[in-house]
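Fold and geometry: a report
Single-letter residue listing:
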Amino acid sequence: INPLIIPQFTPMPLVCQGDIPPVFPLVSNNNPGIVGTWSPPTITTSAAGTYTYNFTPTAGQCAVATTMNINILNYTYPTFQQIGPLCQYTQGVQLPASSTNITPITGTWSPANINTQQPGIFTFNFTPNPFQCADTASMVIVINPLIIPQFTPMPLVCQGDIPPVFPLVSNNNPGIVGTWSPP
């Protein structure tokens, strides 16, 4: 009398909603392998959730039916804290290594670094690492040109005169607010 065998299968990889579904194996990992059929016969990824699939061994193998649960996960849109606008020649600003989602999403940016040498509007594209059920994202970063504050020249000042007061706002439009040193 042979014992009943429970068919053993390698767990399915992460399955995301809308992905091309993996195919069920028709032979178990047991030695010898158990041949059978799955019901339903294919994995559907049209809706997120946990779905149970039944494996029925072909008659005459001393094997019992078994099940496999497949989790279909929603795609998550990665969110990031907006960077900028930045001033031309700003240094040390990095694109984030992971998103601000409750479960952070990691990935790579293209281009990988923010170059502030040229002013303009630049788009950076984020590609999630595999097996996260995450969508791509992008961030638009504005690099503003460096502005040199312009001032009306001071009138001639003679020794002993009451000195003129430095303006605290430049003549640029819009004016640039700042301080003088020495005041």
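Each remark here, short or long, concerns the structure printed above.
Okay, so let's go over this structure. (Residues numbered from 1 in each chain as written. Predicted model: local features only at pLDDT ≥ 70, side-chain atom pairs only at ≥ 80, totals over all residues. Heavy atoms only, no water.)

On to the layout of surface pockets, then. Within this model, the largest pocket holds a volume of roughly 170 Å³. If you trace the largest pocket, you find 15 residues lining it, with C16, D19, Y75, F131 and C133 closest to the centre. Split into classes, the residues belonging to the lining of the largest pocket amount to 12 nonpolar, two polar and one charged. (1 Å grid on protein atoms, 1.4 Å probe; cavity = no way out; pocket = protein on both sides within 12 Å on 5 of 7 lines; lining within 4 Å. Points joined across faces, edges and corners; volume = space filled by probe spheres on them. Nonpolar A, V, L, I, M, F, W, Y, C, P; charged D, E, K, R; others polar.)

Once that is clear, we can look at the state of the cysteines. Disulfide: a covalent bond connecting the sulfur atoms of a pair of cysteines. If you walk through the whole model with that rule in mind, you get one disulfide. In this model C16 forms its disulfide with C133; the gap between the sulfur atoms is 1.9 Å. Residues C16 and C133 share a disulfide whose torsion about the S-S bond is about -95°; that sign makes it left-handed. Of this pair, C16 sits in strand 1 (residues 15–16) while C133 sits in the loop between strand 7 (120–128) and strand 8 (137–144), and the two are 117 residues apart along the sequence. (Disulfide = S-S within 2.5 Å. Helix = DSSP H or I, 4+ residues; strand = E, 2+ residues; numbered from the N terminus.)

Buried together is how nonpolar side chains tend to be arranged in soluble globular proteins. One finds I83, L95, W109, I114 and I141 to be the most contacted residues of the largest nonpolar core, which totals 14 residues. Mapped onto this core, the elements with two or more residues apiece are strand 7 and strand 8. With four residues, the single largest contributor to this core is strand 8. The residues contacting W109, other than those within four sequence positions of it, are F80, L95, P96, F124, N125, F126 and M139. Grouped together as the second largest cluster of nonpolar side chains are 12 residues, V15, I34, Y53 and M68 included. (Core = buried A, V, L, I, M, F, W, Y, C linked by side-chain atoms within 4.5 Å. Buried < 20%, exposed > 50% of the residue type's maximum accessible area, 1.4 Å probe, protein only. Contact = heavy atoms within 4.5 Å.)

As a further point, take the sheet that holds strand 6 (residues 107–110). Strand order in the open sheet formed by four strands is 5-8-7-6, and the pairing between neighbours is mixed. One side of each edge strand has no neighbouring strand; the edge strands of this open sheet are strand 5 (86–87) and strand 6. (Pairing = 2+ DSSP bridges.)

Take the sheet that holds strand 3 (residues 49–57) next. With mixed pairing, the four strands of this open sheet are ordered in space as 1-4-3-2. The sheet terminates laterally at strand 1 and strand 2 (36–39), the two strands that pair on one side only. In the sheet, strand 2 pairs with strand 3 via four bridges, with the strands oriented antiparallel. Paired with W38 across the two strands is F55, which belongs to strand 3.

Only one face of strand 8 is covered, namely the one carrying A137, M139, I141 and I143; the face carrying S138, V140, V142 and N144 has none of its residues buried. The pairing of strand 5 with strand 8 spans two bridges and is parallel. Considered in strand 8, the bridge of C87 is made with N144. Here strand 7 pairs with strand 8 via seven bridges, running antiparallel. In the strand pairing of strand 8, G120 is matched with I143.

Okay, the packing of aromatic side chains next. As enumerated under the stated definition, the model contains 10 aromatic pairs in all. Taken together through their ring pairs, the aromatic side chains of F9, F24, W38, Y53 and F55 make up a single cluster. (Phe/Tyr/Trp six-rings, centres within 6.5 Å; stacked < 30°, edge-to-face > 60°.)

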